[in-house]
Amino acid sequence: QEQVILQKPTFDFKAYMLEKGTSVQKALDESIVVKHPPTIHEAMRYSLLAGGKRVRPILCIAACELVGGKEATAMPAACAVEMIHTMSLIHDDLPCMDNDDFRRGKPTNHKVYGEDVAVLAGDSLLAFAFEYVSSFTVGTSPARVLAAIGELAKSIGTEGLVAGQVVDIASTGGEDIGLDQLEFIHIHKTAALLEASVVLGAILGGGSDAQVEKLRKFARCIGLLFQVVDDILDVTKSSEELGKTAGKDLLVDKTTYPKLLGLEKSRQFAEELLAEAKQQLEEFESQEAVAPLVALAEYIAYRQN
Amino acid sequence: TSSVSANFDLKTYWSTLREEINQKLDEAIPVKYPAQIYESMRYSVLAEGAKRAPPVMCVAACELLGGNRLAAFPTACALEMVHAASLIHDDLPCMDDDPSRRGQPSNHTVFGMDMAILAGDALFPLGFRHIVSHTPTNLVPETQLLRVINEIARAVGSTGMAAGQFVDLEGPANAIDFIHAKKYGEMGECSAVCGGLLAGANDDEIQRLRRYGRAVGILYQVVDDMLEVNSSKPKPVDAEKLVEEKKEKSYVGAYGIEKALKVAEGLRAEAKNALEGFEKYGEKVLPLYSFVDYAADRSFSFADQV
């Protein structure tokens, strides 16, 4: 018995992220071929392949594998959630929105291709995500692909990304917002797509309704956790450590968790969210495939940038 | 055969469907928190000037092949949602910079550019979601529904309507055929094909519907271009420049009225030719058939049409 415990391999998170990140990058590269008119496809590829940690696609694959599915079954959906994430970044960066010049260390899409192409490239990525999932998903039933498409659609619009951005825009400009509104923004702007990533993986991998709901709760917790930690890092780290402008939230007088709760209580809240997330994974504990999701949650909680 | 078509009361068929579609669209977008985004979406989707041609074509194609119109309604609504999304974005200042649409101020002039972009971003996925959540599963197999979603996504995407808009903005000056095919043909093609898919059409029938929808979509716009030229409606001075710009990009502006007329006749013939294989369905082909004549002749208008 003791022998078995000793031989249990420790999970190498770094190697896992590298391996999955590489296969996601390859799949993304192959997903969009430059067709006519070339510029629009180049603009789509420019932002989609710009890098980033690929947390969403990896969550999708990890959830699929946890419920017994194959990586290949989740891959089109994994690419689709990254396409949606990219699309929302392109549109959020536009001058009439957040007006950002740099993203992932490169000039933003509209800086390179112009605003008109940036709007169209975003729209095209949005549409292509659905085209891609509906035509390339194999190894699962059509009913599950359809359910996954419904979940993906829900995470983008007025019950997801768009709702978060609308309330975020409305609450910038000095107006004080409360904890409820702050949570609304983060649940929609950040957690909704993370939730979709995990739920799509679980549905396509063949998870039961109960499993899908457990993983949905898990994803919601880490989605909110992601943002709480982001807020804490903004006030505790230097720009150099973060690789982006630190103290930016304070500068634009943005409402954050440290501002509303104080630093200590924010840290405590992060710990609670991590614990709640892990609790959702309890029934999967005996399975080796649970390690990536546990490690991803811990990574989100304890990252330094 | 045009006498056959003359006996069909397209106006009543269309008006009845239009009312039903309007009601379903109204129900599909209730106002919730945050209200301004829902209002922005509703403003464009429920615009009174909307004729609902794509939904009518979708329902008519579905019924032609023996499908139940209840199977087609959610997709018909989705077509209007994605169509509205694409029009909202096309009107933006960084695109066509159009101050009005369907007889009312364009979305961004009322709700602001940020909200207009977000309303479009929300309407695209709402269309897909509406299909998944509202199509009666006992009427349409899941594989067919996946093909419908695929068809719509392709039609609005980087090789479809977005491609047409891009070439319209930045492409070569002589690309008018490509622009018309993509900006207007795709929506017609997609509407007819989706109706066929929902009814379980075979590949040959889908191909015919594809040709039919594309021809009617382009025909509709070419005729619009001709009517625009002939219209003697007085325009405010500041709108004149826009009208001039539009003329240059219109079919008539590029090819002249003579060629436009010829092209319109050709498209009418092409659309009717595509319907030939459906004669075995008898009278059920009449809505699609008379739709072609309407696109060419505009023999009636709706009471509340702007």
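For the structure, see preceding data.
Predicted model only: the values in this text are computed from it and were never measured.

Caption draft 1: Inspection of the overall build of chain B at higher detail. Check the secondary structure of chain B and you find 14 helices and two strands. A compact globule built from 306 residues should have a C-alpha radius of gyration of about 19 Å, and chain B, at 19 Å, falls within 12% of that. Expressed as lengths along the three principal axes of its C-alpha atoms, the size of chain B is roughly 55 × 55 × 35 Å. Within chain B, the proportion of its 306 residues that are buried is 56%. Treating the 32 positive side-chain charges of chain B as one cloud and the 43 negative ones as another, the clouds have centres 2 Å apart.

Caption draft 2: Expanded view of the overall build of chain A. When helices and strands are counted, chain A shows 16 helices and two strands. Its C-alpha radius of gyration of 19 Å places chain A within 12% of the 19 Å reference for a compact globule of 305 residues. Taking the principal axes of the C-alpha coordinates as reference, chain A spans close to 60 × 55 × 35 Å. For chain A, buried positions account for 55% of its 305 residues. A separation of at least 24 residues holds for 73% of the contacts in chain A among residues at least 6 apart in sequence. Roughly 13000 Å² of accessible area belongs to chain A as shown, and the carbon and sulfur atoms make up 52% of that amount. Computed over 30 positive and 44 negative side-chain charges, the separation of the two mean positions in chain A equals 3 Å.

Caption draft 3: Quick look at the packing of aromatic side chains. All names here are of chain A. Here the structure, examined in full by the defined rule, presents 17 aromatic pairs over all chains. When the centroid spacing of 5.0 Å and the interplanar angle of 40° are considered together, the rings of Y132 and F136 count as tilted. Of this pair, Y132 and F136 both sit in helix α7 (residues 115-136), four residues apart, which is roughly one turn of the helix. Residue Y132 is classed as buried on the basis of its relative accessible area of 11%. On the basis of an interplanar angle of 40° and a centroid distance of 5.7 Å, the ring pair of Y257 and F269 is categorised as tilted.

Caption draft 4: View of a nonpolar patch on the surface. Residue and element names in this part refer to chain B. On the surface, a cluster of nonpolar side chains totalling about 210 Å² of accessible area is made up of V229, I257 and L261. Relative to the elements of secondary structure, V229 occurs in helix α11 (residues 203-230). Its relative accessible area of 33% is what places V229 among the partly exposed residues.

Caption draft 5: Representation of helix α9 (residues 161-170) of chain B. Within α9 of chain B, eight of the 10 residues are buried, which leaves the element mostly enclosed by the surrounding structure. Taken as a whole, α9 of chain B has its buried residues at M161, A162, A163, G164, Q165, F166, V167 and D168 of chain B.

Caption draft 6: Local environment of the interface of chain B and chain A. Contact residues are listed per partner, giving 43 residues for chain B and 46 residues for chain A. A per-residue breakdown of the area chain B buries against chain A is headed by R129, L146 and F166 of chain B, which together make up 15% of the total. Here chain B is connected to chain A by one salt bridge. Notably, a salt bridge pairs E159 of chain A with R129 of chain B, separated by 2.7 Å at the nearest N-O pair. Run the count over chain B and chain A and you get eight residue pairs in polar contact (both at pLDDT 80 or more). Of all elements in the fold, only α3 (35-45), α7 (113-134), α8 (142-156) and α9 of chain B reach the threshold of two or more residues within the side of chain B that touches chain A. When residues in the side of chain B that touches chain A are grouped by element, the largest group, 12 residues, is from α7 of chain B.

Caption draft 7: Structural view of the nonpolar core. Counting residues in hydrophobic clusters, the biggest one holds 205 residues, and the most contacted among them are F130 of chain A together with W14, L123 and Y212 of chain B. Not counting residues within four places of it along the chain, the set of residues in contact with Y212 of chain B comprises M57, A192, A271, A274, L275, L288, F291 and V292 of chain B.

Caption draft 8: Examining the pattern of salt bridges more closely. For the structure shown, the criterion picks out 40 salt bridges over all chains. The salt bridge involving E82 of chain A is made with R104 of chain A; its shortest N-O contact spans 3.4 Å. Here R104 of chain A lies in the loop between β1 (102-103) and β2 (106-107) and E82 of chain A lies in helix α5 (residues 71-92), a separation of 22 residues in the sequence. Two residues, R210 of chain B and E151 of chain B, come together in a salt bridge whose shortest N-O distance is 2.9 Å. In this pair, R210 of chain B sits in helix α11 while E151 of chain B sits in helix α8, placing the two residues 59 residues apart along the sequence. In this structure, a network of salt bridges that share partners links the residues E151, R154, K182, E186, E189, R210 and R214 of chain B.

Caption draft 9: Region of interest: the packing of helix α11 (residues 209-236) of chain A against helix α15 (residues 263-280) of chain A. All names here are of chain A. Running from N to C, α11 and α15 cross one another at 155°; their axes reach a closest spacing of 8 Å. Regarding the angle of α11 to α15, the classification is roughly antiparallel. Crossing of α11 over α15 shows left-handed handedness. Taking contact as the criterion, the partners of K214, K217, F218, C221, I222, L224, L225, V228, V229, I232, V235 and T236 in α11 are, on α15, L263, S266, R267, F269, A270, L273, L274, E276, A277 and Q280. Along the lines of polarity and charge, the residues of the contact of α11 with α15 split into 15 nonpolar, three polar and four charged.

Caption draft 10: Representation of the environment of A163 of chain B. Locating A163 of chain B in the fold gives a position in helix α9. Residues A163 of chain B and F178 of chain B, 15 residues apart in the sequence, show an inter-C-alpha distance of 9.1 Å. Ignoring any residue separated from it by four or fewer positions in sequence, one finds A163 of chain B in contact with P37 and I40 of chain A together with G157, S158 and F178 of chain B.

Caption draft 11: Representation of the packing of α5 of chain A against helix α10 (residues 179-204) of chain A. Residues and elements named next belong to chain A. Where α5 contacts α10, the two axes come as close as 9 Å, and the packing angle between them is 165°. Put simply, α5 runs roughly antiparallel to α10. Like other packed secondary-structure pairs, α5 and α10 cross with a definite hand, here right-handed. Taking contact as the criterion, the partners of T73, A77, V81, I84, H85 and D92 in α5 are, on α10, K189, L193, S197, L200 and L204. Broken down by class, the residue content of the contact of α5 with α10 amounts to six nonpolar, three polar and two charged.

Procedures and definitions
Residues numbered from 1 in each chain as written. Chains lettered and ligands numbered in written order. Predicted model: local features only at pLDDT ≥ 70, side-chain atom pairs only at ≥ 80, totals over all residues. Heavy atoms only, no water. Helix = DSSP H or I, 4+ residues; strand = E, 2+ residues; numbered from the N terminus. Rg over C-alpha atoms; globule rule 2.2 N^0.38 Å. Buried < 20%, exposed > 50% of the residue type's maximum accessible area, 1.4 Å probe, protein only. Lys, Arg positive; Asp, Glu negative; His and termini not counted. Charge placed at Lys NZ, Arg CZ, Asp CG, Glu CD. Contact = heavy atoms within 4.5 Å. Areas by Shrake-Rupley, 256 points an atom, 1.4 Å probe, with all protein chains shown as cover. Phe/Tyr/Trp six-rings, centres within 6.5 Å; stacked < 30°, edge-to-face > 60°. Patch = residues over 30% accessible without salt bridge, like charges linked within 9 Å, V, L, I, M, F, W, Y side chains within 5 Å. Salt bridge = Lys/Arg side-chain N within 4 Å of Asp/Glu carboxyl O. Buried area = accessible area lost by both parts, 1.4 Å probe. Polar contact = N/O pair within 3.5 Å; in protein donor to acceptor, adjacent residues only side chain to side chain. Core = buried A, V, L, I, M, F, W, Y, C linked by side-chain atoms within 4.5 Å. Axes fitted to C-alpha atoms, helices over the stretch in contact; angles between N-to-C directions. Parallel < 35°, antiparallel > 145°, perpendicular 65-115°, else oblique. Left-handed = near helix turned anticlockwise from the far one by under 90°. Nonpolar A, V, L, I, M, F, W, Y, C, P; charged D, E, K, R; others polar.

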